[in-house]
Amino acid sequence: MGHETARLVDDAERRARLATRHALHPRHRVSDPEAATRAMVVLHATEAATVHLSVQARTEGVAPVDVDRALYEDRDIVKQLAMRRTLFVFPRDLLPAAWGSASARVAAEQRRLVSRDAQRHGIAADGEAWLDAARDAVVERLSAAEPMSAKQLREEIPELAGAITVNEGKKYGGTFNLAPRVLGCLGAEGLLVRGPNAGHWRLSKPSWTLMDAWLGEDLVPLHAEQGYAELVRQWLHAFGPGTLEDVQWWLGATKGATRAALEAVRAVAVGLEDGRTGWLLPDDLEPVAEVEPWAALLPTLDPTTMGWKERGFYLDPDHVPLLFDTNGNAGTTAWWDGRIVGAWVQDEEGTVGVVPCPGADVDSHGRAALAREAERLTAWLDGVRITNVYSSRLMKGAPLP
């Protein structure tokens, strides 16, 4: 890939692209959960509520029940373990690209780790053979059953028995069943899928079923190179321009695979305001128009917040310790005019309020717009209170570290 740049894309244009491509600007919101997912390529689903709240931020008139319908009845969008061993929601027609590339990479690594642990902890003399037997038993059981929880499968399938004890005496240690990890491995392979959720939409209580039965069709994984190229093509449309490091981080792939994917889609180099080289699709080089200032409230791990590795064009580096944990997981965020300016929280009654970052540049128009978004989100939640595993310091009211 050459580095002669076609033009400069400054930070203001990157923020304008973000506003419209991500369906965050009020005039560019989309009509349904599938369209909201496509706008972002995929939605983060590590926290169950994030899927629904990410859709809420990008749509009008779409209720939580509509998101559930898209996930569990129409199945236009589907949960899949993929890039960076993260659970995402995909449009169903993008699944074959992930299965052959990002998900396959995760599945291979998880298979190695699960097999190793089964052998290391005395569950089986041959970890690979044990995992193969568990796989076959799960497929056989689910072929003749309704979706089942991990607990049900573990109790009914002897091949899934086995637990390991790690980090004894530490708060993150303990004894853990291997069954959920086996199911996660089979999910990464695209063999199983997280089906109906047994709990409220804000909670993750999945049941498992066979992917082909869930989809009602047998989709064929793309070859790795084709899969990576399709994921990168869609990422560049939604998030471009981005640097090689941005794309590689999002993709969770090697630098070589990322370079090959950029070459496959004929990505064109552009200059960025910070002096780095970014990449755009060859048919997406024209400057985009400015947009009017806009406000948005995004959930924990929202894909807009998490979509780039280099975030300086929308995030003040001094605010990172307030908004992200030490592992790089973002809490809730409040946006004004293309920049993160704070977080949002709820009180005991479920009313949403905005907590600004110290020194954030928000004028009276921005404060009013954020207040309107808080009212909109409060009405949409209708008393439901969201709990967050990845609560940030700002959400907790904690001081700077």
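Located above this text is the structure these notes cover.
Presented here is a report on the structure given in the accompanying data block. These numbers come from a predicted model, not from an experiment. (Residues numbered from 1 in each chain as written. Predicted model: local features only at pLDDT ≥ 70, side-chain atom pairs only at ≥ 80, totals over all residues. Heavy atoms only, no water.)

1. As for the overall build of the protein
In terms of regular secondary structure, the protein is built from 17 helices and 14 strands. Relative to its length of 401 residues, the protein is compact, with a C-alpha radius of gyration of 22 Å against a globular reference of 21 Å. Every one of the 401 residues in the protein was classed for burial, and the buried ones make up 51%. Sequence separation of 24 or more characterises 66% of the internal contacts of the protein that already satisfy a separation of 6 or more. Roughly 17,800 Å² of accessible area belongs to the protein as shown, and the carbon and sulfur atoms make up 48% of that amount. (Helix = DSSP H or I, 4+ residues; strand = E, 2+ residues; numbered from the N terminus. Rg over C-alpha atoms; globule rule 2.2 N^0.38 Å. Buried < 20%, exposed > 50% of the residue type's maximum accessible area, 1.4 Å probe, protein only. Contact = heavy atoms within 4.5 Å. Areas by Shrake-Rupley, 256 points an atom, 1.4 Å probe, with all protein chains shown as cover.)

2. A short note on the environment of E47
Topologically, E47 is positioned in the loop between β2 (43–44) and α3 (48–58). On the basis of relative accessible area, E47 is assigned to the buried category, the value being 8%. Each C-alpha atom, one on E47 and one on L203, is 7.7 Å from the other, the two residues being 156 residues apart in sequence. The residues contacting E47, other than those within four sequence positions of it, are T300, T387, N388, V389 and Y390. For E47, the side chain forms a polar contact with the main-chain nitrogen of V389, separated by 2.5 Å. (Polar contact = N/O pair within 3.5 Å; in protein donor to acceptor, adjacent residues only side chain to side chain.)

3. Some remarks on the sheet that holds strand β4 (residues 86–91)
Spatial ordering of the open sheet is given by β2-β4-β3, a layout of 3 strands whose pairing is antiparallel. A single partner strand is all that each edge strand has here, and the edge strands are β2 and β3 (77–82). Summarising the sheet, β3 and β4 pair through 6 bridges and their orientation is antiparallel. Paired with L81 across the strands is L87, a residue of β4. (Pairing = 2+ DSSP bridges.)

Purely geometric stuff here, so don't read any function into it on its own.
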